[in-house]
Structure formats: structure tokens, C-alpha cells
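Overview (structure and organization)
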Amino acid sequence: MRNLNQDNITQAVIASFANTANPRLKTIMTSLVQHLHAFAREVKLTEEEWFQGIDFVTRCGHITDDKRQEFILLSDVLGLSMLTVAMNNDKPEGCTEATVFGPFHVEGAPHYELGDDIANGAKGTPCLVRGTVKGINGEPVPGAVMDVWQSDDDGLYDVQHEGLDHAQSRGIVTADANGNYHFRSIVAVPYAIPHDGPVGQMLDATGRHPWRPAHLHFMIKAPGYETLITHVFRDNSDYLDSDAVFGVRQSLVCDWVQQPDGTYLMEYDFVLNPVKAQ
Ligand code: BEZ
Ligand code: FE
């Protein structure tokens, strides 16, 4: 393997994977190299541009820590996260659609009783959230465990508030024996994804904004059903048609109705997909 040139280097790299023990890894590495080389050829990548790319991913690495994940953010704004979700969550008609997970879920959120206020002091307009968790045939899903998280009126998740040592606007509630759930929280507002790093610079350079439409995150688990990771979006929110991470699905858009006392009501029923028999 000497004197490789632009015409035969791709095949040489692919051949170097011949002894890969894991067949799936071999398929992925082969395809990755094929597409990466084709991309470089197609845009006639210059050495300076190659170095700019290396510098970009280096800066993504430097800004990433246990609270900030710039690579997931990059995947999100390039539509790769939503493409992966869409390809892997092809559910039967009538099931609630999935959307991106995002970086702000926290394991071990506090458990709340039905009717509790999960805002726990977060700034925002009070909102009652209620509905039913059902199966595809309309059967209630008793005891569905609902992990919920959202940003506050400043467009920030609790984990983004420096020095805040307790959960706000996040919690776990369990649907009752009829699949019904209700809890209190605050009205979600549009917010900008973290854009003070390399991903933000990329958005800027390509004339894009970092905003997401107002939404409430849900992860719902119940025995016998596939876990559902999704959001409910607020109808008429700004950015529904230009979500920075391409996560909006019309079936997830819901009217959050203002009540006479100024508080809001968000009602949404979720439909889970049964786990396929093995
Ligand atoms: C979110 O909705 O929490 C989110 C999703 C993708 C990137 C940043 C935030
Ligand atoms: Fe979010």
C-alpha cells in the first residue's frame, strides 16, 4: 500500500477494515469513509478548509463537559438527531409521535403526586397540564410513569441556572389507574438553544437563528409499551416553522388555553405503541 493517490485512497482505507470483527462496525466504517471522501471530493475541500473543520470540532470538544454537550447540539442543528429519531420511531397511525430528546433531561428528577406543582418556584405563568395515557386501541395505560421537564419564563432550564441546587419545572408523575394524569407547572416560552460556542457561530455564519418554539418535554414509560420521548408544542408559538433543531410535528402542537383567572390549561392525550411480541 504505497503511492496512494486521490483515485485509489478511498478503496485502500476501506480495505483496511477487512479484519473488523463486528460486522455492523465494518458496515458503518466503510460507509462513513465512502461518504466522507465523496464529500471532500464534491466540495473540492482545500487544506485551509480542512483545518477550519478540525479547529471547529476541537472547539466543540473544549466547550463540552458534563453540563454542556456541543456535539449533540451540532447533531441537533444539522437535523441528524431528528433524522435518527424519525428513522427509529416509525409507529402505527394514531400513536403519539416522537421527537428529539435534547440535552436537558436529568436522571433522578423528583417524584410528585398527581395535582402537585412541579414548577417548584420556577418563574412563569401557572399552567395546569392534564390528559390521559392510552394504548393504540384506546385502552387506558394505568400507572404510566411520566418524566416531564421544561424551561422557565427566562427560557432557561433549571440546570442552566448557576448555583440553583434543586429541580425546578421538572419531575416525575404517575398516571392513575385509568391512565389519567394532571399536574401544575408554568407556561413554556420559546428559548434559544446554547449558542455562545462553535455551534452558535456556525448558526450565525449560515444566517440561522438558535430559537426553539415553546414546548414541554415528556418521557413516558409503561410496561408492555415502547418508551415515548416527545414534546408538546404550544400552538401559535413563534418558531414553530423554523425550529433550530427541526423537531416540530403538527400532531404534537396543542392549544394552551388561558383561563378566566389568567392561568393556562394544557390538555393532551398520549397514545403509546405496544412492544412487539418477541
Ligand atoms: C431541548 O428541547 O431541550 C433542546 C433540544 C435540542 C437542542 C437544545 C435543546
Ligand atoms: Fe426543550
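Since this is a predicted model, take the numbers as computed values, not measurements.

**Digging into the overall build of the chain**
When helices and strands are counted, the chain shows six helices and twelve strands. The principal-axis extents of the C-alpha atoms in the chain amount to approximately 75 × 45 × 35 Å. Counting the 278 residues in the chain, one finds 40% classified as buried. Across the chain, the fraction of contacts at a sequence separation of at least 24, relative to all contacts at a separation of at least 6, is 71%.

**Regarding helix 5 (residues 80-88)**
Among the residues making up helix 5, those that are buried are Ser81, Met82 and Val85. Here the buried residues of helix 5 occupy an arc of 95 degrees about the axis, which is enough to place them on one side. Buried residues along helix 5 sit in contact with helix 4 (70-77).

**Some words on the coordination of the iron ion (ligand 2)**
The protein atoms that coordinate the iron ion (ligand 2) are Tyr157 (OH), Tyr191 (OH), His215 (NE2) and His217 (NE2), at distances of 1.9 to 2.1 Å. One way to put it: the six donor atoms around the iron ion (ligand 2) meet at angles of 55 to 165 degrees, and that makes the site irregular.

**Some words on the environment of Thr132**
Relative to the helices and strands, Thr132 is located in strand 1 (residues 126-135). A residue is classified by how much of its surface remains accessible, and Thr132, at 14% relative accessible area, is buried. Along the backbone, Thr132 and Tyr181 are 49 residues apart, and their C-alpha atoms lie at a distance of 6.0 Å. If we skip the residues at most four places from it in the chain, Thr132 touches Asn178, Gly179, Asn180, Tyr181, Tyr268, Asp269 and Phe270. Here the side chain of Thr132 touches Asn180 through a polar contact of 2.9 Å, side chain to side chain.

**A look at a nonpolar patch on the surface**
Where nonpolar side chains cluster on the molecular surface, the patch consists of Leu32, Leu36, Phe39, Val43, Leu45, Trp50, Phe51 and Ile54 and spans about 770 Å² of accessible area. Listed by contribution, the elements that provide at least two residues to the nonpolar patch are helix 2 (23-43) and helix 3 (47-63). Of the residues forming the nonpolar patch, the biggest block, four residues, is contributed by helix 2. Positionally, Leu36 belongs in helix 2.

**A closer look at the site of ligand 1**
Inspection of the region around ligand 1 gives Leu73, Asp76, Gly102, Pro103, Phe104, Tyr157, Tyr191, Ile193, Arg212, His215, His217 and Val245 as its neighbouring residues. Between an oxygen atom of ligand 1 and a side-chain N or O atom of His215, the distance comes to 3.1 Å. Measuring from an oxygen atom of ligand 1, one finds a side-chain N or O atom of His217 at 3.0 Å. In isolation ligand 1 has 260 Å² of accessible area, and contact with the protein removes 100% of it. For the shell around ligand 1, the elements supplying multiple residues, two or more each, are helix 4 and strand 7 (215-221). In terms of residue class, the shell around ligand 1 is made up of seven nonpolar, three polar and two charged.

**Observations concerning the sheet that holds strand 7**
The sheet built from five strands is open, its strands ordered 3-2-7-8-9 with mixed pairing. The open sheet terminates on both sides in strands that have one partner only, identified here as strand 3 (170-174) and strand 9 (253-254). Relative to strand 8 (residues 228-234), strand 7 runs antiparallel, the two sharing six bridges. The partner of Leu216 across the bridge, within strand 8, is Val232.

What counts, and where the lines are drawn
- Residues numbered from 1 in each chain as written.
- Chains lettered and ligands numbered in written order.
- Predicted model: local features only at pLDDT ≥ 70, side-chain atom pairs only at ≥ 80, totals over all residues.
- Heavy atoms only, no water.
- Helix = DSSP H or I, 4+ residues; strand = E, 2+ residues; numbered from the N terminus.
- Buried < 20%, exposed > 50% of the residue type's maximum accessible area, 1.4 Å probe, protein only.
- Contact = heavy atoms within 4.5 Å.
- Arc of directions from axis to C-beta.
- Donors = N, O, S within 2.8 Å, 3.2 Å for Na, K, Ca; no water.
- Tetrahedral: all angles 85-135°; square planar, octahedral: opposite > 155°, others 65-115°.
- Polar contact = N/O pair within 3.5 Å; in protein donor to acceptor, adjacent residues only side chain to side chain.
- Patch = residues over 30% accessible without salt bridge, like charges linked within 9 Å, V, L, I, M, F, W, Y side chains within 5 Å.
- Areas by Shrake-Rupley, 256 points an atom, 1.4 Å probe, with all protein chains shown as cover.
- Salt bridge = Lys/Arg side-chain N within 4 Å of Asp/Glu carboxyl O.
- Near = heavy atom within 4 Å.
- Nonpolar A, V, L, I, M, F, W, Y, C, P; charged D, E, K, R; others polar.
- Pairing = 2+ DSSP bridges.

That is the geometry; function is a separate question.
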